[in-house]
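So you can see what is in the structure, the chains are spelled out below.
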Amino acid sequence: MKKINCVLLVDDSASTNFYNKKIIETSGKVEHIFEVANGLEALEFIHQKGRFNHYPSPDIIFLDINMPKMDGFEFLEQYAKLAKQKTAHSIIVFLTTSNWSKDKMKAAENDLIHGFIEKPLKEKDLKKLCNYYHNNDTHLYNLI
């Protein structure tokens, strides 16, 4: 199967990013993996500003909900305002410890969110996500 070019991990926990990065690396399904600590940094990454000026556009964004500076839902508000050429090929999946039904319902109502995965990332979830990305044959939210 063709590899995903770029995955962006958006989470303020260095240990969570380390773990998720290892799961993704071990899968062999992704070329480049980058991590940022909050929604503001994720927007800079997408805009290729500052230290991110030569980075590829993310194909998959794993987004935590609870982060400092800009949380996951605040990020989505700003992301929705971006030009379509910046966002057209990206999919966003919440990867979070939040199991609040309120967060899940809010995520399900947002067309930008393709899935909701409870941490930690599992290889089976990554496999489903990669299949979804390549085939776009069903709405991922219902698969996870």
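Here, every reference points to the structure presented above.
**Overview of the pairing of strand β3 (residues 60-63)**
Neither face of β3 is exposed, since Ile-60 and Phe-62 on one face and Ile-61 and Leu-63 on the opposite face are all buried. The pairing of β3 with strand β4 (residues 91-96) spans four bridges and is parallel. The residue bridging Ile-60 from the neighbouring strand is Ile-91, located in β4.

**Examining the pairing of strand β1 (residues 4-10)**
With six of seven residues buried, β1 is to be regarded as a mostly interior element. As paired strands, β1 and strand β2 (residues 30-36) are joined by six bridges and run parallel to one another. Of the residues in β2, the one forming a bridge with Leu-9 is Glu-35. Handedness of the crossover joining β1 and β2 through helix α1 (residues 14-27) is recorded here as right-handed. Pairing of β1 with β3, which is carried by four bridges, proceeds in the parallel orientation. Residue pairing for β3: Val-7 is matched across the bridge by Ile-60.

**A closer look at the nonpolar core**
By size, the foremost hydrophobic cluster in this structure holds 24 residues, and its most contacted members are Val-10, Ile-61, Leu-63, Phe-75, Leu-76, Ile-92 and Phe-94. When contributions to this core are tallied by element, the ones reaching two or more residues are β1, α2 (39-47), β3, α3 (72-79), β4 and β5 (113-118). Contacts of Leu-63, omitting those with residues within four sequence positions, involve Val-10, Gly-72, Phe-75, Leu-76, Ile-92, Val-93, Phe-94 and Leu-95. Judged by nonpolar contacts, the second largest core, of 18 residues, contains Val-7, Val-30, Phe-62 and Leu-121.

**Things to note about unusual backbone geometry**
The omega torsion across Lys-119 and Pro-120 is 0°, close enough to zero to call that bond cis. A positive phi angle is found at Gln-48, which is not glycine, with a value near 55°. Relative to the helices and strands, Gln-48 is located in the loop between α2 and β3. Unlike most non-glycine residues, Lys-69 shows phi in positive territory, near 70°. The class of Lys-69 is exposed, set by a relative accessible area of 69%.

**Side note on the environment of Lys-3**
As for its placement among the helices and strands, Lys-3 is situated in the segment before β1. Lys-3 gets classed as partly exposed once you look at its relative accessible area, which sits at 38%. A sequence separation of 26 residues divides Lys-3 from Lys-29, and the C-alpha atoms of the two residues are 4.9 Å apart.

**As for the sheet that holds β2**
Strands pair in a sheet through their backbones, by hydrogen bonds, and they do so in one of two ways: parallel or antiparallel. Strand order in the open sheet formed by five strands is β2-β1-β3-β4-β5, with parallel pairing between adjacent strands. Among the strands making up the open sheet, the edge pair consists of β2 and β5. Going across the sheet, the axis of each strand differs from the next one's by a mean of 20°, ignoring polarity. Against the sheet, α3 touches β3, β4 and β5, its axis set at about 170° to β4.

Rules of the game
- Residues numbered from 1 in each chain as written.
- Predicted model: local features only at pLDDT ≥ 70, side-chain atom pairs only at ≥ 80, totals over all residues.
- Heavy atoms only, no water.
- Buried < 20%, exposed > 50% of the residue type's maximum accessible area, 1.4 Å probe, protein only.
- Helix = DSSP H or I, 4+ residues; strand = E, 2+ residues; numbered from the N terminus.
- Pairing = 2+ DSSP bridges.
- Right-handed = clockwise from strand over helix to strand, strands pointing away.
- Core = buried A, V, L, I, M, F, W, Y, C linked by side-chain atoms within 4.5 Å.
- Contact = heavy atoms within 4.5 Å.
- Axes fitted to C-alpha atoms, helices over the stretch in contact; angles between N-to-C directions.

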